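Chains, contacts and geometry: an overview
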Amino acid sequence: TTVRYSPVESAAISDKYTVGELKVGHNYETYVRTEDGAVLGWGYNGYGQLGDGTKTTQCDGVFVGVYEGTPLPSTPPSPLPTSLPTLSPTMTPAPTPVSPAPTMTPLPSTPPTPVPSPVPTGLVGAAAAAPVIYGLVVATTGGGVWSLGLASDGRLGDGADTGDTVGEPTRLDGLSGVVYVDSGSIQGITLSGSGSVYYWPSAPDSGIDTKAEQDSLSCTATEVSAGGGSGGAQSFWCAITVCTDGTNNVECWGDGGDYKLGQGSSSTDHWSTPVAVDGLPTGNYTE
């Protein structure tokens, strides 16, 4: 193990990809989303959360394999022509040269081999990636949401508490048009292009219920975030909302303990009903 006290460049990533987003996981794993829409991960992989079909710790970036939806383009360059064009009968032939023309090297009969794209063909573009403990949730550019890793405490958004490992990305039912996903320790939240919001776990008692729609926000959500500890009852979520008159609100719901909801109290009365955060100045909140 090497301890570093100054940043070092990951040439294996930066030399091939333009990084659009970086997310650090909860258990020694790291994910990047590239401008091409691919998601790569490295680090601890004991529950298959890197999505490469193994449980082996990876020192280099491996692709999180979501292969359904809108694939990334991987069009190779057009091959060179295999022969020279034939002169048209109507074209005037060139005059006879005084000296012999130099010998020309013919074009190769076989076109050059296309340079492969660094992104595997068919890999779905990712709009956002959000790690949970021993797992990962990905929103794709096609509007779907996928998750993988440890199926425990409902952290994967499907309500599962089996303790099994989901080694391949599995699509969550009932979600479409999603443009963003965020996560806490075992909490998740999604935002669609139309402003609809879903979150999980949705029950404070068991903490393992599947996702629920948050349809009680005062105005349209434009940004969402999830947080909380490793217990379902510690979960909370927030959204920035924009009203038709242009005003903004920050609204939160979930566990209000330790003043999480910005109410100046530890009330737990707002588990599913959002409440505006007190004391924020009037302004245009964006994130």
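Further up the page is the structure itself.
Heads up: these notes are all about the structure in this document. (Residues numbered from 1 in each chain as written. Predicted model: local features only at pLDDT ≥ 70, side-chain atom pairs only at ≥ 80, totals over all residues. Heavy atoms only, no water.)

1. With respect to the sheet that holds strand β11 (residues 197–200)
What holds strands together in a sheet is hydrogen bonding between their backbones, with the strands either parallel or antiparallel. The test is simple: At least two bridges found by DSSP between two strands are what make those strands a pair. Every helix listed is a DSSP run of H or I at least four residues long, and every strand listed is a run of E at least two residues long, numbered separately from the N terminus.
Reading across the sheet, the four strands line up as β9-β10-β11-β12 and stay open at both edges, with antiparallel pairing between neighbours. Among the strands making up the open sheet, the edge pair consists of β9 (178–183) and β12 (212–213). Relative to β11, strand β10 (residues 188–192) runs antiparallel, the two sharing four bridges. Along β11, the bridge assignment pairs Ile189 with Tyr199.

2. Examining the sheet that holds strand β4 (residues 58–63)
We count it as follows: Interaxial angle, 0 to 180 degrees, is taken between N-to-C directions of lines fitted to C-alpha atoms, where a helix line uses only the stretch in contact.
Read from one edge to the other, the open sheet built from four strands follows the order β1-β2-β3-β4, with strand pairing classed as antiparallel. Every other strand in the sheet has two partners, leaving β1 (19–24) and β4 as the edge strands with one partner each. Neighbour to neighbour, the strand axes of the sheet diverge by 20 degrees on average, direction disregarded. Of the strand pairs in this sheet, β1 and strand β2 (residues 29–34) are connected by five bridges, and their pairing is antiparallel. When the sheet's bridge partners are listed, Val24 is paired in β2 with Thr30.

3. Describing the state of the cysteines
Just so we agree on the cut-off: For the purposes of this analysis, a disulfide is any pair of cysteine sulfur atoms at a distance within 2.5 Å. Burial classes: relative accessible area under 20% of the type maximum marks a residue as buried, over 50% as exposed, and values in between as partly exposed (1.4 Å probe, protein chains only).
By the definition in use, this model includes two disulfides. Here Cys238 pairs with Cys252 through a disulfide, and the sulfurs are 2.0 Å apart. Here the S-S torsion is close to 105 degrees, and the disulfide linking Cys238 with Cys252 is therefore right-handed. Of the two residues, Cys238 is situated in strand β14 (residues 236–242) and Cys252 in strand β15 (residues 248–254); the sequence distance between them amounts to 14 residues. Of the two residues examined, Cys238 and Cys252, each falls in the buried class. Once the bonded cysteines of the protein chain are numbered in order along the sequence, the disulfide links fall as 1-3, 2-4.

4. A few points about a nonpolar patch on the surface
Convention followed: Residues qualify for a patch when their relative accessible area is over 30% and they have no salt bridge, like charges being joined within 9 Å and the nonpolar side chains of Val, Leu, Ile, Met, Phe, Trp and Tyr within 5 Å. Only the protein chains shown count as cover for residues, and the accessible areas themselves come from Shrake-Rupley with a 1.4 Å probe. Only one rule defines a salt bridge in this text: a Lys or Arg side-chain nitrogen within 4 Å of an Asp or Glu carboxyl oxygen.
A cluster of nonpolar residues, Val19, Leu22 and Val24, forms a patch on the protein surface that exposes about 280 Å² of accessible area. Here Leu22 shows up in strand β1. Note on Leu22: relative accessible area 54%, which makes it exposed.

5. Section: the pattern of salt bridges
Using the criterion set out here, one finds four salt bridges in the structure. Two residues, Arg33 and Glu21, come together in a salt bridge whose shortest N-O distance is 3.1 Å. Of this pair, Arg33 sits in strand β2 while Glu21 sits in strand β1, and the two are 12 residues apart along the sequence. Residue Arg33 is classed as buried on the basis of its relative accessible area, which comes to 17%. Classification of Glu21 as buried rests on a relative accessible area of 18%. Ionic pairing is found between Asp255 and Lys260, a salt bridge with its closest N-O pair at 2.8 Å.

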